[in-house]
Amino acid sequence: MRRKLSEVDRGAAASGDESMFEGLWGLEALHSPRTPFKWEHLIALAIVFVSLVAGRWLYDGFFRLLRRDSTPPFQLANELTKRDNKALSISFAGFIAGLGLVTVGSLDGLKVQTDGLGKYILTFVVYQVVGILLMVVARIIIDKVVLRKVATAKGIIEEMNISIACVESAAVVGCAV
């Protein structure tokens, strides 16, 4: 039963009756099945963080590869902040959203306690690699089949064409789903 804050007996808390906080601050609470903290969540959070940082560097490397002959050389941070390239922002957001969907799918259904840490991380890495490869293949198909008359990398970077970025982002997110 929930009580409003005004209904709580302030005299009991002031008199030192802290039975409702019993076991909350001890280390045994970390191993209790009632605690919201589980090591599995900390491992998953670290994996997601590493995945998103790696995805940022992968995206930057992918565009550097596509734009290797351009002058000045491509820099993701420069394009997003100094040039305020909205098309690149949409494309990058679509890639990160797709990567997030792949990450959620790769962490779903596994538990460190029952499957073991090795299987947990191996399954995550395999799903990530397959998911990223499928997103790259989707992007190549969009470049070669759907937008074959348009230089997509040039359109996103130099011309800041938002429509090209939306089509590519939709393809990447759709592939990730």
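Residues numbered from 1 in each chain as written. Predicted model: local features only at pLDDT ≥ 70, side-chain atom pairs only at ≥ 80, totals over all residues. Heavy atoms only, no water.

Peer 1: Would you explain the environment of Glu159 in this entry?
Peer 2: Locating Glu159 in the fold gives a position in the loop between helix H7 (152-157) and helix H8 (162-176). For Glu159, a relative accessible area of 51% gives the class exposed. Separated by 72 residues in sequence, Glu159 and Ala87 have C-alpha atoms that sit 8.8 Å apart. (Helix = DSSP H or I, 4+ residues; strand = E, 2+ residues; numbered from the N terminus. Buried < 20%, exposed > 50% of the residue type's maximum accessible area, 1.4 Å probe, protein only.)

Peer 1: Got a minute to help me understand the environment of Asp84 in this structure?
Peer 2: Examined against the element boundaries, Asp84 turns out to sit in the loop between helix H3 (76-81) and helix H4 (86-107). Between the alpha carbons of Asp84 and Met160 there is a distance of 9.4 Å; along the sequence they are 76 residues apart. A distance of 2.8 Å separates a polar atom in the side chain of Asp84 from a polar atom in the side chain of Lys86. (Polar contact = N/O pair within 3.5 Å; in protein donor to acceptor, adjacent residues only side chain to side chain.)

Peer 1: Help me understand the packing of H4 against helix H6 (residues 117-146), please; the structure alone is not making it clear to me.
Peer 2: To describe two helices that pack against each other, one gives the angle between their axes and the distance between the axes. Two numbers describe how H4 lies on H6: the axes approach to 9 Å, and their chain directions differ by 145°. H6 is crossed by H4, and the crossing has right-handed handedness. Together, Ser91, Phe95, Gly98, Leu99, Val102, Thr103, Ser106 and Leu107 of H4 and Tyr120, Phe124, Tyr127, Gln128, Gly131, Ile132, Met135 and Arg139 of H6 make up the contact between the two elements. In the contact of H4 with H6, the residues fall into nine nonpolar, six polar and one charged. (Axes fitted to C-alpha atoms, helices over the stretch in contact; angles between N-to-C directions. Left-handed = near helix turned anticlockwise from the far one by under 90°. Contact = heavy atoms within 4.5 Å. Nonpolar A, V, L, I, M, F, W, Y, C, P; charged D, E, K, R; others polar.)

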